[in-house]
Amino acid sequence: MTTTLTRGRPGAGTARTRTPRQGGHLRRAVARNLRAHAFLIGALLCFALFTWYPMVREIVMSFQKVRYGETHWVGLDNFRQIFADPEFWPAWRNTLEFTGIALFFGFVAPFVTAIVINEFRHAQSYLRILVYLPVMLPPVAGILLFKYFMDPGYGLFNQILEFLHLPTSSWLASQDTAMFSLVIVSTWANMGSATLVYLAALQSIPGELYEAAELDGAGLLRRVWHVTVPQTRLILSLMLMLQVVATMQMFTESFVLTGGGPQGSTTTVVYMLYNYAFNFDKFNTAAALGVVLLLVLGAFSALYLWLERRGGEE
């Protein structure tokens, strides 16, 4: 009888000692999750405060007008004003022209650069730093450097062309070359990030695929087309959409280098929005133009994702 009670007590004692341990483990788990959720809530609050609130506020302001310090609802008057502006459609044409040229160069150049760097067995770290260096520079500083290079009189680019006995260019001072010059600056300044993304995607491709292609007698171009491109299709499609959205919001290059000129040939939609807000003091009209740009980019993103999903299903 005594033995039975003795054996039962450790079991009971063990059950009593496990409860505090379980309770402590639960408290530690709750505290750990609370800290994690606190960081998450802080990030969400910052995102809501600095991203969603300005977006909602912009939509509200696009239907309002401020007169003599009082705010009035005016419906679609701000939208009618921007559509009646003679600079509205030329600004969209300039924006689409810049986006098209920037995609041709800015989408291909980082991918080709990543392929070249990936072929090196040594010094990849130095090449990564060299490619990413323009991204680390302050944007305005890098753009002003190119403004000096593209000066028609004493600019470095024209001096190089003269040394090679080639015709010089007016670069930023001509309507024919101003937009192309902005594309050069934008591609140089922004290709570093895309190159590193492509390089990471390339290094995740199994080497056996390239070895099998080499055994089949595939050269570099065929390996790129039949192995590299299919294996990085998801990254390529995502970067394409992001680049279209980013290039359609081009502002800094036009603002610093050309001021929207010459003769409005580099005035984009975002630059026009800046003029409405800070040069003409028409913040509500600027908000309406921002809403139009938001709708256009949102429609493009939705259409692109739908086409990608449909292509993936097929």
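Predicted, not measured: the structure shown is a model, and the values here were computed from it. (Residues numbered from 1 in each chain as written. Predicted model: local features only at pLDDT ≥ 70, side-chain atom pairs only at ≥ 80, totals over all residues. Heavy atoms only, no water.)

1. Overview of helix H6 (residues 139–149)
Argument step 1. Within H6, burial applies to Gly142, Ile143, Phe146 and Phe149. Looking straight down H6, one finds its buried side chains confined to an arc of 110°; they lie on one side.
Argument step 2. Contact partners of the buried residues in H6: helix H7 (156–163), helix H8 (178–203) and helix H12 (252–258). (Buried < 20%, exposed > 50% of the residue type's maximum accessible area, 1.4 Å probe, protein only. Helix = DSSP H or I, 4+ residues; strand = E, 2+ residues; numbered from the N terminus. Arc of directions from axis to C-beta. Contact = heavy atoms within 4.5 Å.)

2. A few points about the layout of surface pockets
Argument step 1. The calculated volume of the largest pocket comes to roughly 480 Å³.
Argument step 2. Together, 21 residues line the largest pocket, and Met55, Glu58, Gln249, Leu273 and Gly290 are the ones closest to its centre.
Argument step 3. Residue assignment for the lining of the largest pocket shows that the elements contributing at least two residues are helix H1 (2–61), helix H11 (233–247), helix H13 (269–279) and helix H14 (283–313).
Argument step 4. The leading source of residues in the lining of the largest pocket is H14, at eight residues.
Argument step 5. Of the residues belonging to the lining of the largest pocket, the class tally is 15 nonpolar, four polar and two charged. (1 Å grid on protein atoms, 1.4 Å probe; cavity = no way out; pocket = protein on both sides within 12 Å on 5 of 7 lines; lining within 4 Å. Points joined across faces, edges and corners; volume = space filled by probe spheres on them. Nonpolar A, V, L, I, M, F, W, Y, C, P; charged D, E, K, R; others polar.)

3. Brief notes about unusual backbone geometry
Argument step 1. A cis geometry characterises the amide bond from Gly261 onward to Pro262, with omega recorded as -5°.
Argument step 2. Residue position: Pro262 is located in the loop between H12 and H13.
Argument step 3. In this structure, His165 is a non-glycine residue whose phi angle is positive, near 60°.

4. Quick word on the UniProt feature "domain: ABC transmembrane type-1" (unreviewed entry) in the protein chain
Argument step 1. The UniProt record annotates "domain: ABC transmembrane type-1" (unreviewed entry) at residues 92–304.
Argument step 2. Measuring from the first to the last C-alpha atom of residues 92–304 gives 20 Å, for a span that is 76% helix and 0% strand. (UniProt positions renumbered as here; feature names shortened; annotations may be inferred.)

5. Some thoughts on the packing of helix H3 (residues 88–106) against H11
The description of two packed helices rests on the angle between their axes and on the distance between the axes.
Argument step 1. Put simply, H3 and H11 touch, their axes get as near as 9 Å, and they point 140° apart. As the angle between them shows, H3 and H11 are arranged oblique. Where H3 crosses over H11, the handedness of that crossing is right-handed. Here Phe98, Thr99, Ala102, Leu103 and Gly106 of H3 come into contact with H11, specifically with Leu240, Gln243, Val244 and Thr247.
Argument step 2. Looking at the contact of H3 with H11 residue by residue, the class counts come to five nonpolar, four polar and no charged. (Axes fitted to C-alpha atoms, helices over the stretch in contact; angles between N-to-C directions. Parallel < 35°, antiparallel > 145°, perpendicular 65-115°, else oblique. Left-handed = near helix turned anticlockwise from the far one by under 90°.)

6. What to know about a positive patch on the surface
Argument step 1. The grouping of Arg27, Arg28, Arg32 and Arg35 at the surface amounts to a positive patch.
Argument step 2. Mapped onto the elements of the fold, Arg35 is located in helix H1. (Patch = residues over 30% accessible without salt bridge, like charges linked within 9 Å, V, L, I, M, F, W, Y side chains within 5 Å. Areas by Shrake-Rupley, 256 points an atom, 1.4 Å probe, with all protein chains shown as cover. Salt bridge = Lys/Arg side-chain N within 4 Å of Asp/Glu carboxyl O. Lys, Arg positive; Asp, Glu negative; His and termini not counted. Charge placed at Lys NZ, Arg CZ, Asp CG, Glu CD.)

7. Side note on the pattern of salt bridges
Argument step 1. Summed over all chains, the structure comprises one salt bridge.
Argument step 2. Linking Arg80 and Asp77 is a salt bridge whose minimum nitrogen-to-oxygen distance equals 2.7 Å. Linking Arg80 with Asp77, this pair stays in helix H2 (residues 77–84), spanning three residues, or about one helical turn.

8. A short note on the UniProt feature "transmembrane region" (unreviewed entry) in the protein chain
Argument step 1. UniProt records the feature "transmembrane region" (unreviewed entry) for residues 36–55, 98–117, 129–149, 178–201, 232–251 and 286–307 in the present numbering.
Argument step 2. Segment residues 36–55 splits into 100% helix and 0% strand. End C-alpha atoms: 27 Å apart.

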